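# Notes for the structure review
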Amino acid sequence: MNMKSSLTLLLTICTFLLSSSAELDGSLTYIWPLPAKSSSGNDTLSVDPELSLAVGGKGGDSSIIKDGFGRYKKIIFKHSSKSYPVNKRSVFDIGILKIVVLSDNEELQLGADESYFLLVEKRNGQSIIGEAYIEANTVYGALRGLETFSQLCAFDYETKTVQIYKAPWYIVDKPRFAYRGLLLDTSRHYLPINVIKQIIESMSYAKLNVLHWHIIDEQSFPLEVPSYPNLWKGSYTKWERYTVEDAYDIVNFAKMRGINVMAEVDIPGHAESWGAGYPDLWPSPSCREPLDVAKNFTFDVISGILTDLRKIFPFGLFHLGGDEVNTDCWNSTSHVKQWLLDNNMTTKDAYQYFVLRAQEIAISKGWTPVNWEETFNTFASKLNPRTIVHNWLGGGVCAKAVAKGFRCIFSNQGFWYLDHLDVPWDDVYKAEPLEGINDTSMQDLVIGGEVCMWAETADTSVVQQTIWPRAAAAAERMWSKREAISSGNITLTALPRLHYFRCLLNRRGVPAAPVTNYYARQPPTGPASCYEQ
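Rules used throughout
- Residues numbered from 1 in each chain as written.
- Predicted model: local features only at pLDDT ≥ 70, side-chain atom pairs only at ≥ 80, totals over all residues.
- Heavy atoms only, no water.
- UniProt positions renumbered as here; feature names shortened; annotations may be inferred.
- Pairing = 2+ DSSP bridges.
- Helix = DSSP H or I, 4+ residues; strand = E, 2+ residues; numbered from the N terminus.
- Axes fitted to C-alpha atoms, helices over the stretch in contact; angles between N-to-C directions.
- Parallel < 35°, antiparallel > 145°, perpendicular 65-115°, else oblique.
- Left-handed = near helix turned anticlockwise from the far one by under 90°.
- Contact = heavy atoms within 4.5 Å.
- Nonpolar A, V, L, I, M, F, W, Y, C, P; charged D, E, K, R; others polar.
- Salt bridge = Lys/Arg side-chain N within 4 Å of Asp/Glu carboxyl O.
- Buried < 20%, exposed > 50% of the residue type's maximum accessible area, 1.4 Å probe, protein only.

- As named in an unreviewed UniProt entry, the chain is Beta-hexosaminidase, taken from Salix koriyanagi.
- UniProt, in its Sequence similarities (unreviewed entry) section for the chain, records the words "Belongs to the glycosyl hydrolase 20 family."
- Among the UniProt annotations of the chain, the heading Catalytic activity (unreviewed entry) holds the following wording: "Hydrolysis of terminal non-reducing N-acetyl-D-hexosamine residues in N-acetyl-beta-D-hexosaminides."

Dropping the structure here:
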């Protein structure tokens, strides 16, 4: 779809939404993803545009909390201006947001506590200034509470004030899965740093917590590797690269939003771009991938890359790929064929040897290896027991992986590959990571799931609206209680709320596609998505 038709579609939808008389269903909770436990009332509270922050607990004074409060205050009061006051009201119901963080441990790893408690109620007769209150064990739980608080705040265009409807609110919340990811592919199409940051910011709105950065692939090698400085000669151009400092910046930006960054170096396949800087990594000029299994130099380079990346990426998981490896040309390259004979190996054996040797390197750097499911499907009994199996080809893989004691990440391409534009929101929403797994101990081995934004057909101009709002459907599946979002008619319970969240994204500057009838290029025929609460 070209830019002109995109703008026409957006204007048509906005006209439809603004003229709609649709009302919110008062029985639904318009918080996305749905909290674990919540209750509300019938009061409407006003929020002071000079809302101030009070902190408590060992971790309350963290810069992560202060920066987070500042970001969300700008979101909540985006219509306000100190130079042009939008209202003359002097008394507001909520003037302080108090955040109590019990722990001062800011380490961000898999399983970091993201639970929180949120209370918003009208001040009693003894209180001079009304308070909203967030309590969490960690700064990352407090960030999730801030996101929920921001979603309760709605700008009233008549009074030009921020209101919280259906107060008092009591919310006790925590995620269902520890790993809730989004894969971003920057090899097929280069994405500028600011675009990656915009995507990370939008991830926080849906409480996603892992950016799986698929940095490198056969098409391009855009990342600086100091130990092997010629590797990024495999970038598209010298302007489409990421320096070490860029990578640090992305990791730190993500941490301030409670998001881990898991890097991926996909080997031994998907690696043709490596040879642009070091041709010896190719088995031959006509066999450019998989990487040369017969040379120690190949593994020296891998070790150098991982050594350098370990200084940048503190997350305990590292993705080693291992998918779609076609070993045919190993057999047709003379020195590799001789190496196979000398070591009494088939090409299948050599594939296994390569993956396991790469795993050993990653483990030696203090990482837990993640591999695409082909490695499990081909030689499960040989994989390191620490391996996390990443499902993508189809259903039932996580059930098989956990039955053998492996942990698993769910990304079934039939539902959670966002570049599959024919997959509707409800299929994304209903996809269940624990399908076919009934034993509780085995369910615990599914650490979560991930939606994948592959970039063969998506660049900067369309990446956000390809991600959203369908990624939000998966985000709720990974955060919210299974029983709370799996019963009833989701067209009546989830769809109006997803419309509303899609509108919230758009109000925050995130280009999110229409939820329904997207491929017919028509405005939604269901509940309007751009009305206030």
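## Remarks on the sheet that holds strand β7 (residues 161–167)
- With respect to topology, 8 strands assemble into an open sheet ordered β1-β8-β4-β5-β3-β2-β7-β6, the strand pairing being mixed. Each having just a single partner strand, β1 (37–39) and β6 (153–156) make up the two edges of the open sheet. On average, adjacent strands in this sheet sit at an angle of 30° to one another, irrespective of strand direction.
- The pairing of β6 with β7 spans 4 bridges and is antiparallel. Within β7, the position partnered with C153 by the bridge is I164.

## Regarding the packing of helix α4 (residues 193–205) against helix α5 (residues 244–255)
- Packing of α4 against α5 leaves a shortest axis separation of 10 Å and a crossing angle of 15°. Taken together, α4 and α5 sit at an angle that is classed as roughly parallel. For the pair α4 and α5, the crossing hand works out as right-handed. For the pair α4 and α5, contact is made by I193, I196, K197, I200 and E201 and by D246, D249, I250, F253 and A254, respectively.
- Residue classes in the contact of α4 with α5 are distributed as 6 nonpolar, no polar and 4 charged.

## Some thoughts on the pattern of salt bridges
- Tallied over the full model, the rule gives 16 salt bridges.
- Close ionic contact of R144 with E114 constitutes a salt bridge, the shortest N to O distance being 2.8 Å. Residue R144 is found in helix α3 (residues 139–152), and its partner E114 is found in the loop between β3 (94–101) and β4 (116–120); the two are separated by 30 residues along the sequence.
- With its nearest N and O atoms 3.1 Å apart, the salt bridge here joins E432 to R477. Of this pair, E432 sits in the loop between α13 (425–430) and α14 (440–443) while R477 sits in helix α16 (residues 470–479), and the two are 45 residues apart along the sequence. Across this residue pair, the class does not change: E432 and R477 are buried.
- The structure contains a network of salt bridges with shared partners spanning R176, E432, R477 and R482.

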